[in-house]
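In case you want the letters, here they are:
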Amino acid sequence: MYKKINKVLIANRGEIALRIIRTCQEMGIKTVAIYSTADKDSLHVRFADEAVCIGPAPSAQSYLNIPAIISVAELTNADAIHPGYGFLSENAKFARICKEHDIKFIGPTEEHINKMGDKATARRTMIENGVPVTPGTEGILSTVEDGKKEARRIGYPVMLKATAGGGGKGMRIIRKEEDFETLWAQAKQEAAFFANDDVYLEKYIEEPHHIEIQIAGDQYGNVCHLSERDCSIQRRHQKLLEETPSPFMTEELRHKMGEAACKAAKAIQYEGVGTVEFLVDASRNFYFMEMNTRIQVEHGITEEVTNLDLVKEQILIAEGHKINQRNYYPQAHAIECRINAEDPFNNFRPCPGQITGLHLPGGNGIRVDTHIYSGYKIPSSYDSMIVKLVAVAQTRQEAIDKMKRALNELVIEGVKTTAAFHQQLMEDERFRQGKYTTKFMEEFEIKNPDVK
Amino acid sequence: MVNFKEVQDFIRAVSKIGLSEVDIQTEELKLNIKFPAGEKESQGVKEGFQIPQFQMPMLSGMSQQMGSPLQAAATTTTPIEYRQETKEDDKKLLTIKSPMVGTFYRRPSPDKPIYVNVGDEVTKGKVLCVIEAMKLFNEIESEVSGKIAKILVEDGSPVEYDQPLFLVEP
């Protein structure tokens, strides 16, 4: 059923809020920005048609404040809310509340989020639909003894995971039975952070590749995929760099993984854009890891190699348009470096502060997604990502050369950033050859230029 | 030194003339103001939210003297308004700000009397107004005791977090 969207409230901040506003402006859709007091000088506030302060700096009282956000939507007559990524984007309750207030949540439904948000439930859904998953427990483990029994069945090494966890929390690798009880206790304690300390076990795949498939589904049950992104370069489960196509990919593997991802989406009649994450082992066996029911930080590299606007697709799907029944494949090579306000030579310690000088790279094949400007004060209350730098070229080698050039051109003064780390990464032999797995950052040695 | 009051008077005078855009540059100050193109936005209850005071980088050095930085008018469709800041008025006045987003009402319901008027003495804890959000009415209590010097928001208009509502003379 087609229903035009006229005004979107962006329930987010930073670069993604600006990203959404830009597409809305192109589509002639009015925008409402919300912001905390810490973000009053933020760029997304400046470029929206209307902007409302909703609370103090702490996210719980501002960007996670559902009543305040719904109030703003009602006061400004917004007919849709775009949640961006993080914050409330995968909050099933928020999706439901939007629906109850006749506000279109630009994303999946409460049911989709619930089905995929709970990792144990997601695994079960995949198994029921013939999508390969890492061997593991079918449900939650009630006792440590059950855990040990299952671990013996699956075979060490195993990974104990919190069903509600994220960002690497509530996870422990267990290599032998002697360590089981200690690591069980640790994982459970961390998992309790998510108000749910339920854990399950999976076989731990040594040195996997983290390869995810972008999918899109409309309101009529049609689903398609937009190929893969390789996100194996991670530090403490936080992605640092992403690229497409994956240097580990083959046409056959892409076809199989794409098909599996579409099967997963079709199984729940997924609506919106989403990402199915897989682990791929050295033999190119792939296993479902989890599904993210939102737009992702790294969506831009898929856009650059397919010439699409995924935020626009989200809005069109939300309005009730049908998607083309075809898949999309990379027509070029794109790499994204996430530049954070962190000191890469001091354990990536966050360095909020004021940007006193800024020059952003440009030119052929360079895309910069950022909310920073000269004079901007990076608040300490939120994540440290400040610039997404994307290089696009016909070949992987050229994309690396472009990224290297762009990183050299980039100037950010006043705060420390991870740009220097990315420069070293572009020179790393294993990276340049495309031979890396999720273990890469454990072995990567960053050279501190100050140390003689 | 830039005299904020002079700049403020200048802008008020210019807005009355009915120009659409003014550009002014001196050694100390660079100003660009765009006025709405003759559109009359209804001053009714559901007025759109103003784009808040945005610090233009070139004026940032003068922000202390300027008080409320000027509004960047490029995309606004409603006339420039000034948030009343205590700095420019009597420095002894205390500002009571909104603790939430919602609609500001001066009475508990249309048939009941107004909570407070200018000149009223209030004690700490006295209900000054209600702010309605999602059909729930939240009583806003005064954090200070004193006399209501000014009411900054019109009855029935939307307010945002931290928006100044009342000026109180302690």
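Counting from 1, residues in each chain are numbered in the order their sequence is written. Each chain takes a letter, starting from A, and each ligand takes a number, starting from 1, following the order in which they are written. For this predicted model, a pLDDT threshold of at least 70 governs which residues receive local features, and a threshold of 80 or more governs which side-chain atom pairs are given and counted, while totals over whole chains, interfaces and linings are taken from all residues.

1. Remarks on the overall build of chain B
Okay, so step 1: Only runs of H or I of at least four residues qualify as helices and only runs of E of at least two qualify as strands under DSSP, and these elements are numbered from the N terminus. Counting secondary structure elements, chain B contains two helices and ten strands.
Okay, so step 2: The secondary structure elements of chain B, listed N-terminal to C-terminal, are α-β-β-α-β-β-β-β-β-β-β-β.
Okay, so step 3: Put simply, a residue is buried when 20 or more other C-beta atoms lie within 10 Å of its own C-beta and exposed when 12 or fewer do; between those, it is partly exposed, and each C-beta is set from the backbone. Buried residues in chain B amount to 19% of all 170 residues.
Okay, so step 4: For every residue pair, C-beta atoms are placed from the backbone, and the pair is scored as a contact if these atoms sit within 7 Å. Considering only intrachain contacts with a sequence separation of at least 6, the fraction spanning at least 24 residues in chain B is 55%.

2. Focus on the sheet that holds strand β2 (residues 30–36) of chain A
Residues and elements named next belong to chain A.
Okay, so step 1: Strand order across the open sheet formed by five strands is β3-β2-β1-β4-β5, with parallel pairing between neighbours. Of all strands in the sheet, those bounded by a partner on one side alone are β3 (50–55) and β5 (104–105).
Okay, so step 2: For every element, the axis is a line fit to its C-alpha atoms; helices are fit only across the contacting stretch, and the angle between N-to-C directions ranges from 0 to 180 degrees. Here helix α1 (residues 14–26) sits on the sheet and contacts β1 (7–10), β2 and β4 (80–82); the angle it forms with β1, its principal contact strand, is near 175°.
Okay, so step 3: Sitting on the sheet, helix α3 (residues 66–76) is in contact with β1, β2, β3 and β4, with an inclination near 150° to β3. A pair of strands counts as paired when DSSP detects no fewer than two bridges linking them.

3. Some remarks on the nonpolar core
Residues and elements named next belong to chain A.
Okay, so step 1: Each nonpolar core consists of buried Ala, Val, Leu, Ile, Met, Phe, Trp, Tyr and Cys residues. Their C-beta atoms, within 7 Å, join them into a set. Grouped together as the largest cluster of nonpolar side chains are 115 residues, with contacts concentrated most on Leu9, Val72 and Phe278.
Okay, so step 2: The contact partners of Phe278, leaving out residues within four places of it in the chain, are Ile211, Glu212, Met257, Phe286, Tyr287, Phe288 and Met289.
Okay, so step 3: With 36 residues, the next largest nonpolar core counts Ile233, Leu389, Met403 and Phe431 among its residues.

4. Some details on the domain arrangement of chain A
All names here are of chain A.
Okay, so step 1: Where each domain starts and ends comes from a domain assignment, either automatic or drawn from a database. Here chain A is described as being made up of domain 1 (7–106), domain 2 (135–203) and domain 3 (209–443).
Okay, so step 2: Using C-alpha coordinates to define each centre, domain 1 is positioned 23 Å away from domain 3.
Okay, so step 3: Contact with domain 1, which involves 23 residues of that partner, is made by 21 residues of domain 3.
Okay, so step 4: Where the side of domain 1 that touches domain 3 is concerned, the elements lending two or more residues are α1 and α2 (43–47).
Okay, so step 5: Per-element accounting of the side of domain 1 that touches domain 3 gives the leading share, six residues, to α1.
Okay, so step 6: Across the side of domain 1 that touches domain 3, the residue classes tally to eleven nonpolar, five polar and seven charged. As a working rule, the residues Ala, Val, Leu, Ile, Met, Phe, Trp, Tyr, Cys and Pro are called nonpolar, Asp, Glu, Lys and Arg charged, and the rest polar, with Gly in that last group.

5. Thoughts on the sheet that holds strand β7 (residues 136–141) of chain B
Residues and elements named next belong to chain B.
Okay, so step 1: Read from one edge of the open sheet, four strands run β7-β6-β4-β9, paired in antiparallel fashion. Each of the sheet's edge strands pairs with one partner strand only, and the pair in question is β7 and β9 (158–159).
Okay, so step 2: Bridging between strand β4 (residues 102–105) and strand β6 (residues 127–133) involves three bridges; their strand directions are antiparallel. Paired with Phe104 across the bridge in β6 is Ile131.

6. Some remarks on the packing of helix α7 (residues 144–154) of chain A against helix α8 (residues 180–191) of chain A
For any two helices packed against each other, the geometry is given by the interaxial angle and the distance between the axes.
Residue and element names in this part refer to chain A.
Okay, so step 1: Running from N to C, α7 and α8 cross one another at 120°; their axes reach a closest spacing of 10 Å. The orientation of α7 relative to α8 falls into the category oblique. Like other packed secondary-structure pairs, α7 and α8 cross with a definite hand, here right-handed. Of the residues in α8, those touching α7 at Val144, Gly147, Lys148 and Ala151 are Phe180, Glu181 and Trp184.
Okay, so step 2: For the contact of α7 with α8, the per-class residue count stands at four nonpolar, one polar and two charged. Relative orientations are named as follows: roughly parallel for angles under 35 degrees, roughly antiparallel for angles over 145 degrees, roughly perpendicular for angles from 65 to 115 degrees, and oblique for any other angle. Note on convention: the crossing is left-handed when the near helix lies turned anticlockwise from the far helix by less than a right angle, right-handed when the turn is clockwise.

7. Comments concerning helix α4 (residues 92–100) of chain A
Okay, so step 1: All of the buried residues in α4 of chain A are Ala92, Phe94, Ala95, Ile97 and Cys98 of chain A.
Okay, so step 2: Looking at the buried residues of α4 of chain A, the elements they touch are α3, β4, β5 and α5 (110–117) of chain A.

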